[in-house]
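Inside the fold
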Amino acid sequence: MWVFLIALADLDVKVEPGADEMMDGGFRGQIHLVPQLPTGKYKQHLTWATQAFADIDAFFTGLDLPDPAPYRWRSITLQFVRSVGKHTPSAYASKWTITYNVEGSLMTSAAGVRETLFHELFHLNDEEHGDWSGKTLAADYDAIVKKCGTKPSCLAPYAPNDTKVRATGTYYAFQPNNGSSVHEYAAELAVRYWKEQTEIAKSGKLSHKAFKCGPAENARAWQALVGEFFAGRDGVPAC
Ligand SMILES: [Zn+2]
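The following paragraphs examine the structure supplied in this document.

Here is what the cut-offs are and how they apply
By convention here, each chain's residues receive numbers from 1 onward along its written sequence. With the structure being a predicted model, the display of local features is reserved for residues of pLDDT at least 70 and the display and counting of side-chain atom pairs for 80 or more, all residues being used for whole-chain, interface and lining totals. The helix count covers DSSP runs of H or I at least four residues long, the strand count covers runs of E at least two residues long, and both are numbered beginning at the N terminus. We take the radius of gyration over the C-alpha atoms and set the globule estimate at 2.2 Å times the residue count to the 0.38 power. With C-beta atoms placed from the backbone, the exposure class of a residue follows from how many other C-beta atoms lie within 10 Å of its own: 20 or more, buried; 12 or fewer, exposed; in between, partly exposed. Once C-beta atoms are placed from the backbone, any two residues with those atoms within 7 Å are in contact. For two strands to count as paired, DSSP must find a minimum of two bridges between them. Joining buried Ala, Val, Leu, Ile, Met, Phe, Trp, Tyr and Cys residues through C-beta atoms within 7 Å gives a set, and that set is a nonpolar core. Note: domain ranges come from an automatic or database domain assignment.

**Some thoughts on the overall build of the protein chain**
- Helix and strand content of the protein chain: seven helices and seven strands.
- If you list the helices and strands of the protein chain from N to C, you get β-β-β-β-α-β-β-β-α-α-α-α-α-α.
- A compact globule built from 239 residues would reach a C-alpha radius of gyration of about 18 Å, and the protein chain, at 18 Å, matches this within 12%.
- Along the first, second and third principal axes, the C-alpha atoms of the protein chain reach 50 × 40 × 35 Å.
- Residues counted as buried form 35% of the 239 residues belonging to the protein chain.
- Counting contacts in the protein chain only where the partners sit at least 6 residues apart, residues at least 24 apart contribute 57% of the total.

Here is the structure:
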């Protein structure tokens, strides 16, 4: 099989083709995925992925987590596929492997790839921590969904990130028929953590209201996330 290490060999990120499969994509329907290496017309994806892992590594190095780290971002396998006739899912992840769709609708810029890979890395760590989000966040998450359904104006204060499903306009974190969607809420929460820490480090303040300073559910989720995965590191000032 055609396998190589991403240019950042010290990150131990292995690149290989994914499987040919029919995937049940939930709200997305059935999706045919085929192996597709990031070469030829798709070689930009390897550049973006390499840059994303470098940026993510720099972020976690800067966090200075204790040893052993409660979070893993190195020694990951990256499998590349192409969706036939569709542009979803952009990626998915399990068992220290991220599958990257070169036709994914979020995979069209360096920033989009980096955010998506950060999201997927969280899924891997969530899984490693024994389905942490399913156990820890589900009660608050279910209560929010019960109250708001998919109504954007009701969900807005609770949505950790701005990613929405194109077809429905629903926040990705609250999209129904998307597996166990509390996992998506948690991964979007991790992205929000990364965005806020990065902004604070860069400019000393946030351009938006801090997530933890929103409704009480947000504060609880934030505190739990930061404690479980990021050793309590939080540069965002208290509310
Ligand atoms: Zn996800």
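**Regarding the pairing of strand E3 (residues 21–24)**
- Of the pairings in the sheet, the one linking E3 to strand E4 (residues 30–35) comprises four bridges and is antiparallel in character. Bridging from a neighbouring strand, aspartate 24 pairs with glutamine 30 of E4.
- Between the end of E3 and the start of E4, which pair antiparallel, lie five residues, with glycine 26 showing a positive phi angle near 60 degrees.

**Quick notes on the nonpolar core**
- Ranked by size, the top nonpolar core spans 49 residues in total, and within it Ala49, Leu78, Ala186 and Ala190 carry the most contacts.
- Sorting elements by how many residues they give to this core places helix H6 (residues 182–203) first, with nine residues.
- Both domains that meet at this core, namely domain 1 (4–110) and domain 2 (132–229), each give it at least three residues.
- The contact partners of alanine 190, leaving out residues within four places of it in the chain, are Phe118, His119, Phe122 and Leu225.

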